[in-house]
Amino acid sequence: MTPFSRPPEIAFQKQTLSNGLDVIVRRDPRLPIVAVNLWYHVGSKNERHGQRGFAHLFEHLMFEGSQHFPGDFFKPLQPKGAYVNGSTSPDRTNYIIDLPTAHLELALAMESDRMGHLLAALSEEKLEIQKGVVQNEYRQNYANRPYGSVSRVLPEALYPPDHPYHWPTIGAMEDVAAASLTQVESFFRRFYVPSNASFCLVGDLDEDRAFALAERYFDPIPGGVPAMRPPVPEVTSPPADPILLRDRVELNRLYLTWHTVPQFHPDDAPLGLAADILARGRSSRLYRRLVLDQQIAQNVSVYQSGRELAGTFGIMVTLRPGQSWEVARDLIDAELAGLARQVDPDELHRAQTGRLGALIYALESLGGFGGVADRLNAYNIYLGDPERITSDFDRFAQVTPDQISEVVRRWIAGEVGTTAPRVELVVLGRSGSPAPEPLNRAQAPAAATPVPFRAPIPERLTLRCGAELWAIARRDLPVVTASLAVPGGAGVVAPDRAGLASLTAAMLDEGTTTRSAVDLAIEAESIATSLWASAGWDGSYVGLRCLTSNLDASLNLAIDILRNPTFPEAEWNRIQNQSLAALRARRDRAETVAALTLLRALYEADHPYQVPADGTPSSVERLDRERLRQFHAERYLPAGSAWIVAGDIDPQAIARQLDDRLGDWSGTAPEPIPPIAPASASRRRIILVHRPDAPQSNVRVGQIGLHRREEDYLDAIVLNQILGGQFSSRLNESLREQRGMTYGVRSAFDARRGAGPFTVSAAVQSDRAAEAVEEIVREIELLLGDRPPSDRELDDAKRSLLEGHARHFETPSDLVSRFASLFLHGFPADHHARFAERLAAVSLDSMAQAAARRLRPEGLVAVVVADADDVLKPLEALGWGPVERIDVSE
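Residue positions are given per chain, counting from 1 as you read along its sequence in written order. For a predicted model such as this one, the threshold for reporting local features is a pLDDT of at least 70, and the threshold for listing and counting side-chain atom pairs is 80 or more; totals across whole chains, interfaces and linings nevertheless cover every residue. Calculated side-chain values reflect all of the structure's heavy atoms, with hydrogen atoms and water omitted.

Caption draft 1: Focus on the pairing of strand 8 (residues 253–259). Burial classification: accessible surface area is computed with a 1.4 Å probe over protein chains only, and a residue below 20% of its type maximum counts as buried, one above 50% as exposed, and the rest as partly exposed. Helix and strand assignments follow DSSP, with helices taken as H or I runs no shorter than four residues and strands as E runs no shorter than two, numbered in order from the N terminus. Within strand 8, seven of the seven residues are buried, leaving the element largely enclosed by the surrounding structure. Residue alternation in strand 8 divides its side chains into two sets, Arg253, Tyr255, Thr257 and His259 and Leu254, Leu256 and Trp258, and both sets are buried. Here strand 8 runs beside strand 10 (residues 311–319); their pairing, made up of seven bridges, is antiparallel. The residue bridging His259 from the neighbouring strand is Thr312, located in strand 10. DSSP bridges decide pairing: two strands pair if at least two such bridges lie between them. Here strand 8 runs beside strand 11 (residues 423–428); their pairing, made up of five bridges, is antiparallel. Bridging across to strand 11, Leu256 finds its partner in Glu424.

Caption draft 2: Broad picture of the sheet that holds strand 4 (residues 83–88). What the six strands build is an open sheet, ordered 1-2-6-3-5-4; its pairing is mixed. Each edge of the open sheet is held by one strand with a lone partner, namely strand 1 (13–16) and strand 4. Put simply, the sheet's adjacent strands are angled 15° from each other on average, direction ignored. Of the pairings in the sheet, the one linking strand 3 (residues 33–40) to strand 6 (residues 197–203) comprises seven bridges and is antiparallel in character. Bridge pairing links Val36 to Leu201 in strand 6. Relative to the sheet, helix 1 (residues 54–61) contacts strand 4 and strand 5 (93–100), its axis offset from that of strand 4 by approximately 170°. Axis definition: a line fitted to C-alpha atoms, limited for helices to the stretch in contact. Angles are taken between N-to-C directions and run from 0 to 180 degrees. Contacts between residues were defined by any pair of non-hydrogen atoms, one from each residue, lying within 4.5 Å.

Caption draft 3: Representation of the layout of surface pockets in the model. Within this model, the second largest pocket holds a volume of roughly 1,200 Å³. Each cavity reported here is a set of points on a 1 Å grid over the protein atoms alone in which a 1.4 Å probe fits but cannot get out, each pocket an open set with protein on both sides within 12 Å along at least five of seven lines, and each lining residue one with an atom within 4 Å of a point. Along its surface, the second largest pocket is lined by 43 residues, and Arg708, Tyr713, Leu714, Ile717 and Arg818 are the ones closest to its centre. Every element with two or more residues in the lining of the second largest pocket is listed here: strand 16 (539–547), helix 24 (713–723), strand 20 (742–749), helix 27 (791–804), helix 28 (812–824) and helix 29 (835–840). Per-class residue counts for the lining of the second largest pocket are 15 nonpolar, 16 polar and 12 charged. Grid points are joined across faces, edges and corners, and a volume is the space filled by probe spheres set on the points. Three classes are used, and their members are as follows: Ala, Val, Leu, Ile, Met, Phe, Trp, Tyr, Cys and Pro are nonpolar, Asp, Glu, Lys and Arg are charged, and the others, Gly among them, are polar.

Caption draft 4: Main features of helix 19 (residues 569–585). A helix is expected to span 1.5 Å multiplied by its residue count minus one. Between the first and last C-alpha of helix 19 there are 24 Å, a value that for 17 residues agrees with the 24 Å anticipated at 1.5 Å per step. Listing the buried residues of helix 19 in full gives Trp572, Ile575, Gln576, Ser579, Leu580 and Leu583. The buried residues of helix 19 occupy one face: seen down the axis, they fall within an arc of 135°. Residues of helix 19 that are buried in the fold lie against helix 16 (500–507), helix 21 (617–622) and helix 22 (625–635). Think of it as the arc spanned by the lines of direction from the helix axis to the C-beta atoms.

Caption draft 5: Spotlight on the nonpolar core. Counting residues in hydrophobic clusters, the biggest one holds 54 residues, and the most contacted among them are Val36, Tyr40, Ile97, Val184, Tyr192, Phe199 and Leu201. When near neighbours in sequence (up to four residues on either side) are disregarded, Tyr192 contacts Tyr40, Val42, Ala55, Phe58, Met62, Thr93, Tyr95, Met115 and Phe187. Here, nonpolar core refers to any group of buried Ala, Val, Leu, Ile, Met, Phe, Trp, Tyr and Cys residues whose side-chain atoms link them within 4.5 Å. Ranked by size, the runner-up nonpolar core spans 50 residues in total, among them Val480, Ala524, Leu531 and Leu551.

Caption draft 6: Quick peek at the sheet that holds strand 11. The five strands are arranged 7-11-8-10-9 in an open sheet whose pairing can be described as mixed. One side of each edge strand has no neighbouring strand; the edge strands of this open sheet are strand 7 (243–246) and strand 9 (297–306). The sheet shows a mean angle of 15° between the axes of neighbouring strands, taken without regard to direction. Along the sheet face, helix 8 (residues 268–279) touches strand 9 and strand 10 and points at about 175° away from the line of strand 9.

Caption draft 7: Structural detail: the packing of helix 9 (residues 285–293) against helix 10 (residues 325–341). Two elements in contact, helix 9 and helix 10, have axes whose closest approach is 10 Å; the angle formed by their N-to-C orientations is 155°. Judged on the interaxial angle alone, helix 10 and helix 9 are roughly antiparallel. Of the two elements, helix 9 crosses helix 10, and the hand of that crossing is right-handed. Within the contact between the two elements, helix 9 uses Arg285, Leu286, Arg289 and Leu290 and helix 10 uses Ala328, Leu331, Ile332, Ala334, Glu335, Gly338 and Leu339. Classifying every residue of the contact of helix 9 with helix 10 gives seven nonpolar, one polar and three charged. For classification, angles of less than 35 degrees are called roughly parallel, those exceeding 145 degrees roughly antiparallel, those between 65 and 115 degrees roughly perpendicular, and all remaining angles oblique. Should the near helix be turned anticlockwise from the far one by less than a right angle, the crossing is termed left-handed; should it be turned clockwise, right-handed.

Caption draft 8: Summary view of the environment of Ile649. If you trace the backbone, Ile649 turns up in the loop between strand 17 (642–647) and helix 23 (651–662). The sequence separation of Ile649 and Asp791 amounts to 142 residues, and the corresponding C-alpha distance is 44 Å. Residue contacts for Ile649: discarding those within four places in its chain leaves Ala471, Ile472, Ala473, Arg475, Val480 and Ile654.

Caption draft 9: Main features of the environment of Pro160. Checked against the element boundaries, Pro160 lands in the loop between helix 4 (150–158) and helix 5 (173–178). You can call Pro160 buried: its relative accessible area is 11%. For the pair Pro160 and Asp392, spaced 232 residues apart in sequence, the C-alpha to C-alpha distance is 32 Å. Not counting the four nearest positions on each side in its chain, Pro160 is found in contact with His166, Pro233, Glu234 and Val235.

Caption draft 10: Seen up close, the pattern of salt bridges. A pairing counts as a salt bridge when a side-chain nitrogen of Lys or Arg comes within 4 Å of a carboxyl oxygen of Asp or Glu. Per the stated rule, a full pass over the model turns up 50 salt bridges. The partner of Arg629 in a salt bridge is Glu626, and the shortest N-O contact between them spans 3.5 Å. Separated by three residues within a single helix, Arg629 and Glu626 lie in helix 22, roughly one turn from each other. A residue is classified by how much of its surface remains accessible, and Arg629, at 30% relative accessible area, is partly exposed. A single network of salt bridges, built from pairs that share partners, joins Arg329, Asp330, Asp333, Arg422 and Glu424.

Caption draft 11: Spatial organisation of the packing of helix 24 against helix 26 (residues 769–784). Where helix 24 contacts helix 26, the axes come no closer than 11 Å and their chain directions differ by 130°. Between helix 24 and helix 26, the interaxial angle falls into the category oblique. In the packing of helix 24 onto helix 26, the handedness of the crossing is right-handed. On helix 26, the residues touching Leu719, Ile722 and Leu723 of helix 24 are Glu779, Ile780 and Leu783. Residues of the contact of helix 24 with helix 26, tallied by class, amount to five nonpolar, no polar and one charged.

Caption draft 12: A look at the side chain of Glu779. Looking at the element boundaries, Glu779 is found in helix 26. Contact partners of Glu779, with chain neighbours within four places excluded, come to Leu723, Arg730, Leu731, Ser734 and Arg787.

Caption draft 13: Broad picture of the side chain of Thr312. Within the secondary structure, Thr312 sits in strand 10. Given a relative accessible area of 10%, Thr312 falls into the buried group. Setting aside residues no more than four positions away along its own chain, Thr312 makes contact with Leu158, Tyr159, Thr257, Trp258, Thr260, Tyr303, Gln304 and Ser305.

Caption draft 14: Geometry of unusual backbone geometry. A positive phi is found at Phe264, a non-glycine position, where the angle reads about 70°. By the element assignment, Phe264 lies in the loop between strand 8 and helix 8. Its identity is not glycine, yet Asp693 carries a phi of approximately 60°, on the positive side. Counting through the fold element by element, Asp693 comes out in the loop between strand 18 (685–690) and strand 19 (697–704).

Caption draft 15: Spatial organisation of the packing of aromatic side chains. Only Phe, Tyr and Trp rings are paired, with Trp represented by its six-membered ring, and only when their centres lie within 6.5 Å; those with planes under 30 degrees apart are stacked, over 60 edge-to-face, the remainder tilted. Applying the stated criterion across every chain, the model contains 22 aromatic pairs. Summarising the aromatic geometry, the rings of Phe264 and Tyr379 are spaced 6.0 Å apart at their centres and angled 50° between planes, so their arrangement reads as tilted. Taken together, the positions of Phe264 in the loop between strand 8 and helix 8 and Tyr379 in helix 12 (residues 372–383) put the pair 115 residues apart, joining distant regions of the chain. Owing to a relative accessible area of 22%, Phe264 belongs among the partly exposed residues under this scheme. Site record: aromatic cluster; members linked through ring pairs are Tyr40, Phe54, Phe58, Phe63, Phe73, Tyr95, Phe187, Phe188, Phe191 and Tyr192.

Caption draft 16: The arrangement of the pairing of strand 3 in detail. Of all the eight residues making up strand 3, seven are buried; the element is thus mostly covered by neighbouring parts of the structure. Here eight bridges tie strand 3 to strand 5, and the two strands are oriented antiparallel to one another. Bridge pairing links Asn37 to Ile96 in strand 5.

Caption draft 17: Molecular detail of helix 17 (residues 517–526). Within the span of helix 17, buried status applies to Ala517, Leu520, Ala524 and Ser526. A positive backbone phi angle near 55° is found at Ala528, which sits one or two residues after helix 17.

Caption draft 18: Quick peek at a negative patch on the surface. Every patch collects residues that have over 30% relative accessible area and no salt bridge, joining them within 9 Å if they carry like charges and within 5 Å if they are nonpolar side chains (Val, Leu, Ile, Met, Phe, Trp, Tyr). Throughout, the Shrake-Rupley method with a 1.4 Å probe supplies accessible areas, and for residues the shown protein chains are the sole cover considered. Positive residues here are Lys and Arg, negative ones are Asp and Glu, while His and the chain termini are left out of the count. One atom stands in for each charge, and that atom is NZ of Lys, CZ of Arg, CG of Asp or CD of Glu. Judged by side-chain charge, Asp693, Asp767, Asp869 and Asp870 come together as a negatively charged surface patch. Tracing the chain through its elements places Asp870 in helix 31 (residues 868–876).

So, to be careful, I would describe these as geometric facts and stop short of saying anything about function.
And the structure:
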């Protein structure tokens, strides 16, 4: 057998400060970054009844600011390129900051400040806010998630009520809700202390300086005492009968769970490899038996979970519709009995290779969860020996087949004809149907009748300020999304001021007359509300998404950024510079260069569509705060605008809430003037953008398209479905499936208030760029001439649009987006509801007329971004005239 690859030695230094904090430093100069990783030896196992969830609650509170760094913990770090995160488990809590080495000292200052000075900044208000956040997290990830109740029921069945692992890490919501400031402060003082922590720095750093900084910032903090091992009562026998849970799931699921051993116990590694033999990969025993051979399961997974105090071995099977969990259980037991009898050395070697490979792969990352810094801290916390990061490899490499059979007999399979005590838990979903008839693959299934869908029709009201209200009630979840749509976006801005609409929107939440940007962020995040301001081609938007219970507070925030932005100078300098950097960076992307070059070729220099909506470096450099203020004052006005609100609302009530806040708002925005009608090209052009050593060619072929209110708009959309609007289109069939020159090709009409572009785009092999251009044009010409759309193509295209229509109205956010666009383009509120009737009117004749009007192959413009040496001559051979060669530019 192939010998195992061993991990390299991971050199590090470790020192213990006078207060008991372990500091581990490893120099790794691969990148100019450093991983700052802090572990506290506290998790949900250290809680008692009345405290269940405190460790996880503190994971949230630790990001709410400390005495000398008040406010959001992320705010000072993320602008410096930092990745910041944290997590809680039953046995530990870890905090991660990965950032450029230049900012190492800032990270240590902030991390040490929340260790030594968090409580000075903790308040009743912060505690209540984060308690609410945790409760919402519980609803989202447990109460409202398929199979979510398992994470609560399973540990309750495995462990007695006074066992540290009886409850999930997120805790009990009744304890979280009842937590007082005094209680959480006491919990913090006990566990979040230097002697109960391990601090690791890995990256491009000087070891001596790293230790000196750690001593400077952490050593003055009082050490406290390490956490004591909590008492561990003996586990009782699991329930004899299966536990049956009902859930709103489509597929039944079986869980089998045994008590085993803690992490690093001599049996831990053999049990882990037994789990891999059973269900890791397609060659594993249970996957072959349940998924491939018997085909009763969708998937199967097996694990050995060794924690600090105890361990479990678990099997989870998601069943196919109509299949019996009892049959699955019996097949599993047969495989366990076989594993207890004998293990094939080859299958063990495969399992060991996979497990040991994963240990090595984990060493690729300096930081993040599971990276080198995280793992050094793990071995230090659990074993007091960071060196085990590589020597732990031997635990798995030295396991023999006989050891695996022996531990499976002892812990899992039991005596012959029996199994060891275990918890059997079954999640039963919707009533299953009988097993299907044997599949006849020679006969394609008949198409079902499309499910009728009629989009909702908003209730329309007029607010006192003159704005309209379009309200769509959806009471299935306590969620509300709302957006103000004002006419006028990038399409009303001259090219030399391009970016004005989007940057005005970007600045709205950067500060108001009563709130700073940080205040806005903290208030929104504290009530689980999302705020946004954005601009498209035809409108600008201010919106929110919130829980129903927080609608009043969320509206206050949204209307504050709508009416009272101050465009702070410091924030403007940052936003403008960020925008300029992003605009310049897009020259790195060949597809973006191709798209921008095509726009310049299609539209005249004074046309708004000649440049992208977010502008160009030169146009953004010309902007200033006064121009943003002026755009806001002229455009963000009530008359001619509309609030689109969807979700758990009463239309009359939301109208009153808006009137209470906007009753004194006045003004009429100027009617957006459709952009200048562009002239159609009278001849074909090829523009070659030279990109030295480009490994691939990016191709854009296009022309002027149509505007959104054209009568044949829907005919054009159906036509595009056939040409290049979906994977099964003619273009994709030709360029990808038949010729294999591209991963994919797409075409689209971008319809706006003015005539937007029609484009076909593909990334192709460089030596076939000319061929791709030729084939794109040929398919367009065939569509217009010798091979017009067939009845089958028309029916397929219409059906794909009809049956895909419903998913565009799935969430309140989807509804708001769809109806805001409808309002801005001047369509009636029932326009979406009549989609099926309008689509039914599209015929081969109407589509042919639209094709003749909208597709003009004689005036197509092709842009190719590639190495000119590879493509120039073939492009010239197309006979379109001189190839216009340019270099990458703004």
